[in-house]
Amino acid sequence: MFAVLKIIPEEKSLLKRIKYFFSPPSPILERVNVKGAAPFYKLEIYEKQCGEGCCEVAKMLGLCSKAVILADGTDASKTGKLKIYKPAVLPNIMTINSAENYLENKEYDKAAFTLGIRDEKGAFSQYLEKFVNLAGEIRVFSKNEFAYKSVCEKIYEKYGLSVIVLTNEQGLSRCDMIISPENVFNRYFNNCILEKCSENRYNILKGEGISLPKYPESLLPVGVDKLTFASALYEACALKSLSELKYDKMNAVFENVFPFGCMC
């Protein structure tokens, strides 16, 4: 579960400040039920009611104080003991889905196409099968060969395709496209798609924009970022239907770059 928090700053009107001093409005805590998933909470509270380090907010939210989304206008510097929620998995899955969609709508010789997957920790091996019919050769760079062992065996038995698992990322340099869904400290491989534009040169594409299905959209609180909210529904409330989301578009953020061996 998670919580959406809106902290209302002190009123500028003197009359309202005097009124709220003698009769402060009560905080509004609302539970929002989610079909097929865990609920989340919304809390609207005046700044003076938050307590030192937002201790009163933490008491009201309980475990949800460890996964808090701030609505627009809420000052993050005043959230004290609360843990601000940050997307951890869904944006990466969306990159994989966007890569699949990109290839499905691209005209190319699939049999002659070499696809690369850069998944150093082996966290995304379950998505490999998505691409079996979209490339003639698949090469995977991972330091966790065990994560890919059973998946590769299944693909070979089911499709007759031998996936090449590499322990050196230089082996991806022959690929026509590389999917790199991990969050890494390398701007050329950080949750993106690399599309070859010339010999050993790639354009780096990153996802932008998100369109939510009708039901999750109806739950979106005012002033909350769509991607952050969708990620929280998926990761903290287990709304698994959101695993099919993709970005509205993929934009080139770097062009004609040589990404291998560059830790920029």
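Notes on the structure follow. It should be emphasised that the depicted structure is a prediction, and the values quoted were computed from it without experimental measurement.

A look at the state of the cysteines
Inference 1: Across all of its chains, the model carries zero disulfides by this definition.
Inference 2: C197 carries a free sulfur, and the closest cysteine sulfur to it, the one in C192, is 13 Å from it.
Inference 3: C197 gets classed as partly exposed once you look at its relative accessible area, which sits at 37%.

Some words on the sheet that holds strand 3 (residues 40-46)
Inference 1: Read across the open sheet, the four strands follow the order 2-3-1-4; overall the sheet is mixed. Each having just a single partner strand, strand 2 (28-32) and strand 4 (68-70) make up the two edges of the open sheet. Adjacent strand axes in the sheet meet at a mean angle of 20°, parallel and antiparallel pairs treated alike.
Inference 2: Summarising the sheet, strand 1 (residues 3-8) and strand 4 pair through three bridges and their orientation is parallel. Looking at the pairing, V4 lines up with I69 of strand 4.

Concerning the environment of E129
Inference 1: Considering the arrangement of structural elements, one finds E129 in the loop between strand 5 (114-118) and strand 6 (137-141).
Inference 2: Since its relative accessible area comes to 23%, E129 is described here as partly exposed.
Inference 3: In the structure, E129 is positioned 23 residues away from C152 in sequence and 8.7 Å away in space, judged by C-alpha atoms.
Inference 4: Discounting residues that sit within four places of it in the chain, E129 has contacts with K154, I155, K158 and Y159.

Some remarks on the sheet that holds strand 6
Inference 1: If you walk across this open sheet you meet the seven strands as 7-6-5-8-9-10-11, and the pairing is mixed. Two strands close off the open sheet at either side, each with one partner strand: strand 7 (164-166) and strand 11 (247-257). Between one strand and the next, the sheet's axes are offset by a mean angle of 25°, whatever the strand orientation.
Inference 2: Two strands pair when backbone bridges link them, and strand 10 (residues 201-210) and strand 11 are joined in this way by seven bridges, in the antiparallel orientation. Bridge pairing links L205 to A252 in strand 11.

Structural notes on unusual backbone geometry
Glycine aside, negative phi is the norm for most residues, and most peptide bonds take the trans geometry.
Inference 1: Positioned with a positive phi, C54 is a non-glycine residue whose angle comes to about 60°.
Inference 2: Looking at the secondary structure, you find C54 in the loop between strand 3 and helix 2 (55-61).
Inference 3: Even without a glycine there, the phi angle at A238 is positive, about 65°.

Section: the nonpolar core
Inference 1: By size, the foremost hydrophobic cluster in this structure holds 54 residues, and its most contacted members are F2, F40, L115, L128, F131 and I138.
Inference 2: Going through the elements one at a time, helix 3 (90-104), strand 5, strand 6, helix 4 (145-159), strand 8 (177-180), strand 10, helix 6 (226-235) and strand 11 are the ones with two or more residues in this core.
Inference 3: When residues no more than four places from it in sequence are discounted, the contact partners of L128 are I117, I138, V140, Y148, V151, C152, I155 and V163.
Inference 4: Judged by nonpolar contacts, the second largest core, of 14 residues, contains Y41, I45, C50 and L82.

Calculation criteria
- Residues numbered from 1 in each chain as written.
- Predicted model: local features only at pLDDT ≥ 70, side-chain atom pairs only at ≥ 80, totals over all residues.
- Heavy atoms only, no water.
- Disulfide = S-S within 2.5 Å.
- Buried < 20%, exposed > 50% of the residue type's maximum accessible area, 1.4 Å probe, protein only.
- Pairing = 2+ DSSP bridges.
- Helix = DSSP H or I, 4+ residues; strand = E, 2+ residues; numbered from the N terminus.
- Axes fitted to C-alpha atoms, helices over the stretch in contact; angles between N-to-C directions.
- Contact = heavy atoms within 4.5 Å.
- Core = buried A, V, L, I, M, F, W, Y, C linked by side-chain atoms within 4.5 Å.

These figures capture arrangement, not role.
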